[in-house]
Amino acid sequence: MALDKLQLDLIDSDISYYPNFIDIPKANVYFNHFRSTIPWQQDDIKVFGKVYQQPRLTALYGTVNKTYSYSNIVMRPRPFTMELMEIKKKLVEVIAVDFNACLLNRYRDGKDSNGWHADDEKELGQNPIIASISLGQERPFNLRHKKDKALRHKIMLEHGSLLLMKEETQHFWHHQVPKTSKTIGERINLTFRILK
């Protein structure tokens, strides 16, 4: 099946969106599997000198024994599961990139979120490629240019979709998954990346 692909027309970036990367029945299976089998953790993060619980659950998996650090959290990867290997293989087929790590995020409700940030940690190298797969509740994904704050874009990340960010995107853009007061379901997000 040919995959639909939408290229975002934003300066200083290379961002593409595949709404039907994983078909709905398979995406349902993955969502239920990851929700019930991943050993989710909730870390404390330090932002502007204050410590508070991260507003989502996380887990790190990989094929290399390299730590990943952000917001004073140091994560050690568990070995990729069979299901993560399946998705990794599909990514290789579609975008010809062989990722060696996956940071999973679980948003339990609208209060769980991810604030403005760029995936620009030193472990990810110069122009990191991030492949973000969404399962479950669709959530808005906001982008904001670092220099020109008036430059913004919003895209809904649907169940089974892939958002691919590469080249200079992380140098010039911040992104977030904002909180919402609406009553919504859970979302699981798989962010495949390459740890250098």
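Residues numbered from 1 in each chain as written. Predicted model: local features only at pLDDT ≥ 70, side-chain atom pairs only at ≥ 80, totals over all residues. Heavy atoms only, no water.

Peer 1: Before we move on, can you summarise unusual backbone geometry with the specific residues and values?
Peer 2: Its identity as a non-glycine residue notwithstanding, alanine 96 has a phi of 55°, on the positive side. Among the secondary structure elements, alanine 96 is positioned in the loop between helix H2 (82–95) and strand S9 (101–107). On the basis of relative accessibility, which here comes to 66%, the residue alanine 96 falls in the exposed class. The phi dihedral of glutamate 167 is positive, around 50°, even though this residue is not glycine. Considering the arrangement of structural elements, one finds glutamate 167 in the loop between strand S14 (162–166) and helix H3 (169–172). What makes glutamate 167 partly exposed here is its relative accessible area of 41%. (Helix = DSSP H or I, 4+ residues; strand = E, 2+ residues; numbered from the N terminus. Buried < 20%, exposed > 50% of the residue type's maximum accessible area, 1.4 Å probe, protein only.)

Peer 1: With reference to specific residues and values, describe helix H1 (residues 24–37).
Peer 2: Taking 1.5 Å of rise per residue, 14 residues should cover 20 Å, and H1 covers 20 Å from first to last C-alpha, within 8% of that figure. For H1, every residue scored as buried is listed here: Ala27, Tyr30, Phe31 and Phe34. Along the long axis of H1, the arc covered by the buried residues comes to 100°, so they all point the same way. The outward face of H1, more than 90 degrees from its buried face, is lined by the exposed residues Pro25 and Ser36. If you follow the buried residues of H1, they end up packed against H2, S9, strand S11 (130–136) and strand S16 (187–193). Between a side-chain oxygen at the N-terminus of H1 and the backbone nitrogen of lysine 26 the separation is 3.0 Å; the capping residue is aspartate 23. (Expected span 1.5 Å × (residues − 1). Arc of directions from axis to C-beta. Contact = heavy atoms within 4.5 Å. Polar contact = N/O pair within 3.5 Å; in protein donor to acceptor, adjacent residues only side chain to side chain.)

Peer 1: Just give me the short version of the sheet that holds strand S15 (residues 173–177), but keep the residues and values in it.
Peer 2: What the 4 strands build is an open sheet, ordered S10-S15-S12-S13; its pairing is antiparallel. For this open sheet the edge positions go to strand S10 (114–117) and strand S13 (152–157), each flanked by a neighbour on one side alone. Neighbour-to-neighbour, the strand axes of the sheet open up by a mean angle of 15°, direction not taken into account. Pairing between strand S12 (residues 139–145) and S15: 4 bridges, direction antiparallel. If you follow asparagine 142 over to S15, its bridge partner there is glutamine 176. (Pairing = 2+ DSSP bridges. Axes fitted to C-alpha atoms, helices over the stretch in contact; angles between N-to-C directions.)

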